Amino acid sequence: MKKLFFVAVLSFGSLTAFAQGEDVALETTQTVIAQDDFSEIETSDLPEAVSTAVSTDYPSGSISKAYVNKQEQYKLEVTLEDGTTGTLYADMDGNWIEL
C-alpha cells in the first residue's frame, strides 16, 4: 500500500512540475505608420525643374497632386494616359530620389 501511495504521489508531482515548466511564447504584431512631413501644394507652385523632369521622363503623365517637405523634396502623384498612377519623389533641382 505504501508503494502504491508513493507511486501516485511521484507521478502527480512529475505532472505538476511538467505543467509549470512550460514556457509560452506570445507573438505580437506591431503596425507602424510612417508619418511623412509632406504638405500638399498646388501643382502650379512646383519648381520648373521638377515639372520639366516629369514631362521629360514621363511625357504621357500629368501631375495630379504635389506635396513638399521641409527639405524641399517633392512627392508627386502622377497619372499616365492609360490610367496608371504612381508616386514619384524629386528634389528641388528635378533629380529623382528614393525615400
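Heads up: the structure comes first, above all this text.
Residues numbered from 1 in each chain as written. Predicted model: local features only at pLDDT ≥ 70, side-chain atom pairs only at ≥ 80, totals over all residues. Heavy atoms only, no water.

1. Some remarks on the pairing of strand S2 (residues 61–68)
With 3 bridges joining them, strand S1 (residues 39–41) and S2 adopt antiparallel strand pairing. Along S2, the bridge assignment pairs Ile 41 with Ala 66. Note: S2 against strand S3 (residues 73–80), 7 bridges, orientation antiparallel. Within the sheet, the bridge partner assigned to Ser 62 lies in S3 and is Thr 79. Taking the residues that link successive antiparallel strands as the turn, the S2-S3 hairpin has 4 residues, and the phi of Glu 72 there is positive, at about 60°. (Pairing = 2+ DSSP bridges. Helix = DSSP H or I, 4+ residues; strand = E, 2+ residues; numbered from the N terminus.)

2. Some details on the sheet that holds strand S4 (residues 85–91)
Strand order across the open sheet formed by 4 strands is S1-S2-S3-S4, with antiparallel pairing between neighbours. The open sheet has two edge strands with one neighbour each: S1 and S4. Within this sheet the neighbouring strands show an average axis-to-axis angle of 35°, counted without direction. Docked against the sheet, helix H2 (residues 48–57) engages S2, S3 and S4, running at close to 30° with respect to S3. (Axes fitted to C-alpha atoms, helices over the stretch in contact; angles between N-to-C directions. Contact = heavy atoms within 4.5 Å.)

3. What to know about the packing of aromatic side chains
Across all of its chains, the model carries 2 aromatic pairs by this definition. Aromatic side chains Phe 38 and Tyr 89 sit 6.0 Å apart centroid to centroid with 50° between the ring planes, which places their arrangement in the tilted category. With a gap of 51 residues between them, Phe 38 in the loop between helix H1 (2–20) and S1 and Tyr 89 in strand S4 connect regions that are remote in the sequence. Among the residues examined, Phe 38 registers a relative accessible area of 16% and is labelled buried. The residue whose ring lies beneath Lys 75 is Tyr 67, and the NZ or CZ to ring-centre distance is 5.3 Å. (Phe/Tyr/Trp six-rings, centres within 6.5 Å; stacked < 30°, edge-to-face > 60°. Buried < 20%, exposed > 50% of the residue type's maximum accessible area, 1.4 Å probe, protein only. Lys NZ or Arg CZ within 6 Å of the ring centre and 35° of its normal.)

Note that every value here comes from positions in space, so none of it alone points to a role or purpose.
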